[in-house]
Structures are given as structure tokens and as C-alpha cells.
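# Tertiary structure, described
For reference, the chains in residue letters:
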Amino acid sequence: MQSDAILDEALRAIEVASNEDELQQLRVRYLGRKSPLTALLRGLGQLPKEERAPAGAAVNRAKQSVEQALDERAAALRSEKESAIADTEWFDLSLPPPPRLQGHRHPITILEGELDHLFRGMGYRVVEGPWVEDEFHNFDGLNIPESHPARDSWDTFWLSDGNVLRTHTSPVQIRAMRRFGAPLRAIFPGRVFRNEAVDATHEAVFNQLEGLVIDKHITPGHLFHSINAILSEILNEDVTTRFRPGFFPFTEPSFECDILRDGSWMELCGMGMVHPHVLRAGGIDPEEYTGFAFGLGIDRLALMRWGIDDIRWMNSGDLRFLEQF
Ligand code: PHE
């Protein structure tokens, strides 16, 4: 029968249609006004009377079959497309989120924060001074006149305007004395600069923490006790220290403090009783007040605290180093 042949052809075409557009074209071709099935229906009138009904029924069945095949193929194409998306565009909601990159505080910052906390607890105020200093605050006011050979012991970066990058935090002693007067109890943390060769134990840019206590009847005993207490607190152990006579133009007498680490002495801190000239430069009467001062190397303290073998790591900016803190 003719309608069966058309139906076969239509079903085969539908089976291999690969997208919605092709299916739409097939729908038009086999079910539209110009389709051969429609032509068959139109031609029914020419058939002998008794053949009309069964022929008409056969064409209608064929049309329904085409319709159904088109719908099924469309559904199959849709689900193929969806499962392809599921293969490529899925994400796993149970996965933990990707790690967020997090910054780390620099060991010097960590230590400065702890020192800050520790000293505030003992009634010290925290004062900062400028990195670019004038000759008076860095040298002359600290009893280091231009002719004094001790100037050479600070390898100085001189600026073209006659100022210097401060070679120590001691200039802040004078600034603080002038600003707050006596009695005074203060620390001055910060960066200092020395024009010297860099190696595993020396940096040109490093950090000090200066301490200054001025009051009536202050003695070296106060100084030694304070230093031991502070170091023990920061290094979290009972430290063994030794105090040697030293020389600084701005303290008299002067001492060097060494700390015992793994069987050897490590130089950590210069200190002494504030020189009368320096008290006067700060506007304080040395007949009425005495005081002590110390200058602690924060970088060295950090090396000990974390067992770091080379001071150059501090300014390296190396993430392998920084991410450990
Ligand atoms: N300013 C000295 C230095 O940098 C350290 C120091 C500070 C010594 C205070 C005595 C008193 O070497």
C-alpha cells in the first residue's frame, strides 16, 4: 500500500535526524499541506467507494505514526543534549571551597606587636620618630660631635641636604624627652639604616627597639633587671645574660648585653645610664633625674625566637619564608 511506503521512508528519515531543525523540516515534509500523505487523502474521492474507508484509515494511522516518531525523536535529542551539558558543565557542590590566599604578618611586625604589648603593660608609652633625621638628633644631641671618632662607628647614609637616614633609634630619646619631659618611660621601635656590608648576621636596613626610663634614683640595677625580665618574656624562657662594659657617647656608664644561645654568647643589646649631656639636650635637669636607655636589635631577637639562620631573610620578601609565620 502506498501509505505504508511513505511511512517507512518517513520513519527512516526521522530516525537519523540529528537536530530540531531537521525534525521540523521532516514534519513539514510528511505532515504539511504538500505532503504525499495529504495528497493521498485528497485523492480518496477517486477510489472505488468500498476502498475509500480502509484507505483513509490507513493514511490517518500513517500520519499518527509519523507524528509520534517525530515527538519521540525530539525528546531523545533533547535528553542527549542535556546529558552532554551535564558531562561538561557540572560542578560538585560537596567540594570544599578553593583555599583563599591569606597574607601573613612579617615576623618583625609580630615581634614588635608583642613588645609593644609587653612594654605598655609595664607602663611604657610607645613613641615613633622619623627615619630621616637631622644631624643634631642622630649625633650632636647624643653627645657625638662632628670631631668625635665615635661617629665613625655608625656607618651613615648621608643625604644630599645634610640629613641622615637614622643609624639608630636613639635620636628619638631626645625627641621624647623634649615632648614629654620627666619622669618618662617609653619605647621607640622602628627601622634603622647602616651603610655597611650585608651578610648572614648584618643587614643595612634593620629594626631596633629603644627603651628609655627617666626618673629620680634610677640605677643600673633597674636596667639589668628590666632587660632580663623583657628578654625572658619575649623568648619565653629564663634567659642567661651577661653584661659587659661597653662604650656609647650617650650613656655613662655603658654596657653590652650578650645572651647565651646554644653554648655561645650572642650580642643583643647596647645600653647604659643616660649621659648628663643627653638629658640636658632633652631639656631635663641631670641633677634631679637619672635614667637608663637600651637599644635592642629586633631582627636578632626574631632570629633567636624562630631559629632563623640568616638575617637577610627578613628583607627578602620571599613568600617561602613569609608564609611560615
Ligand atoms: N644606639 C645604640 C646602637 O645603635 C644602642 C644603644 C641604645 C646603646 C641606647 C645605649 C643606649 O648601637
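Residues numbered from 1 in each chain as written. Predicted model: local features only at pLDDT ≥ 70, side-chain atom pairs only at ≥ 80, totals over all residues. Heavy atoms only, no water.

## Structural notes on the sheet that holds strand β5 (residues 205-215)
What counts is decided by this rule: The rule for pairing is simple: two strands pair if DSSP sees at least two bridges between them. For helices the rule is a DSSP run of H or I covering at least 4 residues; for strands it is a run of E covering at least 2, with both sets numbered from the N terminus onward. Residues are treated as being in contact if the distance between any of their heavy atoms lies within 4.5 Å. Note on geometry: axes are lines fitted to C-alpha atoms, helical ones only across the stretch in contact, with angles between N-to-C directions running from 0 to 180 degrees.
Ordered in space as β1-β4-β5-β9-β8-β7-β6, the seven strands form an open sheet in which the pairing is mixed. Both outer strands of the open sheet, β1 (125-126) and β6 (241-248), are each paired with one neighbouring strand and no more. Examined bridge by bridge, β1 and strand β4 (residues 184-193) share two bridges and lie parallel to one another. Bridging from a neighbouring strand, V126 pairs with I187 of β4. In the packing of helix α5 (residues 107-121) onto the sheet, the strands contacted are β1, β4, β5 and β9 (290-297), and the crossing angle to β4 comes to about 170°. Contacting β1, β4, β5, β8 (264-274) and β9, helix α7 (residues 171-180) crosses the sheet at an angle of about 145° to β4.

## Some details on the site of the ligand
Where we set the bar: Proximity is defined per residue: if any heavy atom of the residue lies within 4 Å of a molecule or strand, that residue is considered near it. Polar contacts, as used here, are pairs of N or O atoms within 3.5 Å; protein pairs need one atom able to donate a hydrogen and one able to accept it. Residues neighboring in sequence count only if both atoms are side-chain atoms. What sets the accessible areas is the Shrake-Rupley method with a 1.4 Å probe; for residues, cover comes only from the shown protein chains. Three classes are used: nonpolar for Ala, Val, Leu, Ile, Met, Phe, Trp, Tyr, Cys and Pro, charged for Asp, Glu, Lys and Arg, and polar for all others, with Gly counted as polar.
Neighbouring residues of the ligand: 15 residues in total, closest H168, S170, R194, Q208 and E210. R194 has a polar side-chain atom sitting 2.9 Å from an oxygen atom of the ligand. In isolation the ligand has 330 Å² of accessible area, and contact with the protein removes 92% of it. Tallying contributions element by element places β9 first for the shell around the ligand, with three residues. When its residues are assigned to classes, the shell around the ligand shows six nonpolar, seven polar and two charged.

## Structural notes on the packing of α5 against helix α10 (residues 298-306)
Counted only if it meets this: Oblique is the label for any angle not covered by the other classes, which are roughly parallel (under 35 degrees), roughly antiparallel (over 145) and roughly perpendicular (65 to 115).
Running from N to C, α5 and α10 point in directions that differ by 100°, and their axes come no closer than 10 Å. In terms of their interaxial angle, α5 and α10 are classed as roughly perpendicular. Residues P107, I108, I110, L111, E112, E114 and L115 of α5 form the contact with α10, whose own contacting residues are I298, D299, L301, A302, R305 and W306.

## Structural notes on the nonpolar core
For the record, the criterion: Nine residue types can take part in a nonpolar core, namely buried Ala, Val, Leu, Ile, Met, Phe, Trp, Tyr and Cys, and a core is a set of them joined through side-chain atoms within 4.5 Å. Burial classes: relative accessible area under 20% of the type maximum marks a residue as buried, over 50% as exposed, and values in between as partly exposed (1.4 Å probe, protein chains only).
L115, L231, F294 and L301 are the most contacted members of the largest nonpolar core, which totals 37 residues. Looking at this core, the elements that each hand over two or more residues are α5, β5, α8 (220-235), β7 (251-261), β8, β9, α10 and α11 (319-322). The leading source of residues in this core is α8, at six residues. Counting 25 residues, the second-largest nonpolar core is a separate cluster that includes V127, A150, F248 and L279.

## A short note on a nonpolar patch on the surface
Spelled out, the test is: Without a salt bridge and with relative accessible area above 30%, a residue can belong to a patch; like charges are then joined within 9 Å and nonpolar side chains (Val, Leu, Ile, Met, Phe, Trp, Tyr) within 5 Å. Should a side-chain nitrogen of Lys or Arg be within 4 Å of a carboxyl oxygen of Asp or Glu, the pair is scored as a salt bridge.
A surface patch of nonpolar side chains, amounting to about 470 Å² of accessible area, comprises W90, F91 and L93. Position of W90 among the secondary structure elements: in the loop between α4 (49-88) and α5.

## Description of the pattern of salt bridges
Using the criterion set out here, one finds 15 salt bridges in the structure. We note a salt bridge from D71 to R27, for which the minimum N-O separation is 3.3 Å. Taken as a pair, D71 in helix α4 and R27 in helix α2 (residues 20-31) lie far apart in primary sequence, 44 residues in all. The class for R27 is partly exposed, based on a relative accessible area of 26%. Notably, a salt bridge pairs D318 with R320, separated by 2.6 Å at the nearest N-O pair. Looking at D318, the relative accessible area reads 19%, which means it is buried. By relative accessible area, R320 is classed as exposed at 62%. In this structure, a network of salt bridges that share partners links the residues R27, E67 and D71.

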